[in-house]
Amino acid sequence: MNTHIQMTAARVEASFWRFSVAPMMDWTDRHCRVIHRLMSRHALLYTEMVTAQAVIRGDRQRLIGFDAMEHPVALQLGGNDPALLAEAAKIGADFGYDEINLNCGCPSDRVQGGAFGACLMREPALVGDCVAAMKAAVSIPVTVKCRIGVDDQDPESALDALTAAVRAAGVDALIVHARKAWLQGLSPKENREIPPLDYERAYRLKAANPDLPIAINGGIKAPSEWPAHLEKLDGVMIGREAYQNPEILLQADPLLFGQEAPVTDAFAMLEALEPYIAAHLERGGRVHAFTRHLVGLFPGRPGARAFRRHLAERCVGAEATLDDLRAAIAHVSRHEAAAAA
Ligand SMILES: Cc1cc2nc3c(=O)[nH]c(=O)nc-3n(C[C@H](O)[C@H](O)[C@H](O)COP(=O)(O)O)c2cc1C
């Protein structure tokens, strides 16, 4: 039973944002989120970005449908029109999401074409209007995920201006991807690697806004790195590492929430996943909807390479079954070994 839903009327505790998995287009779909949830009860899981227009006009079940076991789960919206964002936020809240997040960090051409995402770093007043409109429409937390600036902006003043605007609008938390985005000349992928990370800038923001929950994102990998960030601010958000090496999620509950992980290891997670895959197959879905998110499992274990090959060769087509996945798993040694697979 999700307790977070009941916490929504009052201000949510900052610990709600202590550990989260980042929104990632094409990656953090509902099947991926089920896999992640099976490894951490507490991680806050973000959807891929969905534009407000799509939520309002599109096939909602397909775009934003999710399984109850995914809670706590946040819907990330893209857009820059306060009225449309408010309408989409309301739809998301009615769907049962635990938080609505506004994307102010994505630099892709498609997003720039619509003048939202990271472009919004230049429009703090508009972002404030968007947050105010969403806050008026829903009673769940409304948050913003941003960069520290774009292009030639000064990260000190740019991030302060955005923060002041969204604070005034009642934002519940801020997630700072602690690097700039370059809107011209860099691909989205390069924009996650080339502009240097500046964690200190995020720490300074928290020091200046002690009562605003602030989470940090960008380049955070090993669980051993997480606690140091949490000494300076309220949350860590993990993107690529959580997707590419999902077993790190097994450490979130013990390390950050004082609780055992829901399962002991990836093998146990895969057993727990079977009913979800079976239900998906019953509805006419494919095993691949899940197995495409599993290639990062078992790093360094004997048999991991054979596991990945089996997934690629036998678990992609419409005819693939749970037995094909079980056969892939059977390649992997249950004993950890130093030798790389
Ligand atoms: C494949 C991919 C898709 C992404 N899609 C989104 C998105 O939809 N919305 C968003 O705010 N950020 C998106 N991001 C950025 C991540 O949320 C995160 O900010 C970034 O990867 C830095 O964190 P990391 O170093 O932990 O990966 C995406 C990143 C990747 C790798």
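Residues numbered from 1 in each chain as written. Predicted model: local features only at pLDDT ≥ 70, side-chain atom pairs only at ≥ 80, totals over all residues. Heavy atoms only, no water.

For strand β6 (residues 173-177), the tally of buried residues reaches five of five residues, placing the bulk of the element in the interior. The two faces of β6 match: Ala-173, Ile-175 and His-177 on one face and Leu-174 and Val-176 on the other face are all buried. The pairing of strand β5 (residues 142-146) with β6 spans four bridges and is classified as parallel. When the bridges of β6 are listed, Cys-146 appears paired with Val-176. Taken together, β5, helix α7 (residues 155-168) and β6 constitute a β-α-β crossover, and its handedness is right-handed. In the sheet, β6 pairs with strand β7 (residues 214-217) via four bridges, with the strands oriented parallel. (Buried < 20%, exposed > 50% of the residue type's maximum accessible area, 1.4 Å probe, protein only. Helix = DSSP H or I, 4+ residues; strand = E, 2+ residues; numbered from the N terminus. Pairing = 2+ DSSP bridges. Right-handed = clockwise from strand over helix to strand, strands pointing away.)

Looking now at α7. Its 14 residues give α7 an end-to-end C-alpha distance of 20 Å, which sits within 8% of 20 Å, the value for a rise of 1.5 Å per residue. Looking at α7, one finds that the buried residues are Pro-155, Ala-158, Leu-159, Leu-162, Thr-163, Ala-165 and Val-166. Considered in projection along α7, the buried side chains sweep an arc of 165° and stay on one side of the axis. Lining the buried residues of α7 we find α6 (124-137), β5, β6 and α8 (199-208). Between a side-chain oxygen at the N-terminus of α7 and the backbone nitrogen of Glu-156 the separation is 3.0 Å; the capping residue is Asp-154. After α7 finishes, the residue Gly-170 shows a positive phi value of roughly 90°. (Expected span 1.5 Å × (residues − 1). Arc of directions from axis to C-beta. Contact = heavy atoms within 4.5 Å. Polar contact = N/O pair within 3.5 Å; in protein donor to acceptor, adjacent residues only side chain to side chain.)

A few words on the layout of surface pockets. Considered as a void within the structure, the largest pocket measures approximately 790 Å³ in volume. Around the largest pocket sit 35 residues that line it, and Pro-23, Met-24, Met-25, Arg-192 and Arg-240 are the ones nearest its centre. Listed by contribution, the elements that provide at least two residues to the lining of the largest pocket are β2 (44-51), α5 (109-113), β8 (235-238) and α10 (240-244). Its residues assigned to classes, the lining of the largest pocket comprises 13 nonpolar, ten polar and twelve charged. Its volume calculated, the second largest pocket comes out at about 370 Å³. Within the residue set of the lining of the second largest pocket, elements represented by two or more residues are α1 (30-37), β2 and α3 (60-64). (1 Å grid on protein atoms, 1.4 Å probe; cavity = no way out; pocket = protein on both sides within 12 Å on 5 of 7 lines; lining within 4 Å. Points joined across faces, edges and corners; volume = space filled by probe spheres on them. Nonpolar A, V, L, I, M, F, W, Y, C, P; charged D, E, K, R; others polar.)

Quick look at the sheet that holds β5 now. Read around the closed barrel, the eight strands follow the order β1-β2-β3-β4-β5-β6-β7-β8; overall the barrel is parallel. When strand polarity is set aside, the average angle formed by the axes of neighbouring strands in this sheet is 25°. With two bridges connecting them, strand β1 (residues 19-21) and β2 associate as parallel partners. Looking at β2, one finds that Ser-20 is bridged to Leu-44. Strands in contact with helix α4 (residues 82-95) are β3 (73-78) and β4 (99-104); relative to β3, the strand with the most contacts, it is inclined by about 160°. In this fold α8 packs onto β6 and β7, with an angle of close to 180° to the strand it touches most, β7. (Axes fitted to C-alpha atoms, helices over the stretch in contact; angles between N-to-C directions.)

Around the ligand there are 17 residues in total, and Pro-23, Gln-76, Asn-217, Gly-219 and Arg-240 lie nearest to it. In this structure, Met-49 approaches the ligand through a main-chain N or O atom, which is 3.3 Å from an oxygen atom. One nitrogen or oxygen atom from the side chain of Gln-76 is found 2.7 Å from a nitrogen atom belonging to the ligand. With the chains in place, 93% of the 610 Å² that the ligand exposes on its own is no longer accessible. Of the residues assigned to the shell around the ligand, the class counts are seven nonpolar, seven polar and three charged. (Near = heavy atom within 4 Å. Areas by Shrake-Rupley, 256 points an atom, 1.4 Å probe, with all protein chains shown as cover.)

Its domain assignment divides the protein into domain 1 (9-257) and domain 2 (266-340). Between domain 1 and domain 2, the C-alpha centre-to-centre distance is 29 Å. Taken residue by residue, the interface counts 17 residues in domain 1 and 15 residues in domain 2. For the domain 1 and domain 2 pair, buried surface summed over both sides reaches about 1400 Å², with 63% attributable to carbon and sulfur atoms. When the area that domain 1 buries against domain 2 is broken down by residue, the three leading residues are His-31, Ile-35 and Glu-247, summing to 39%. Summed over the shared surface of domain 1 and domain 2, the number is two salt bridges. Taking the shortest distance from any N to any O, the salt bridge between Asp-26 and Arg-292 comes out at 3.9 Å. (Domains from an automatic or database assignment. Buried area = accessible area lost by both parts, 1.4 Å probe. Salt bridge = Lys/Arg side-chain N within 4 Å of Asp/Glu carboxyl O.)

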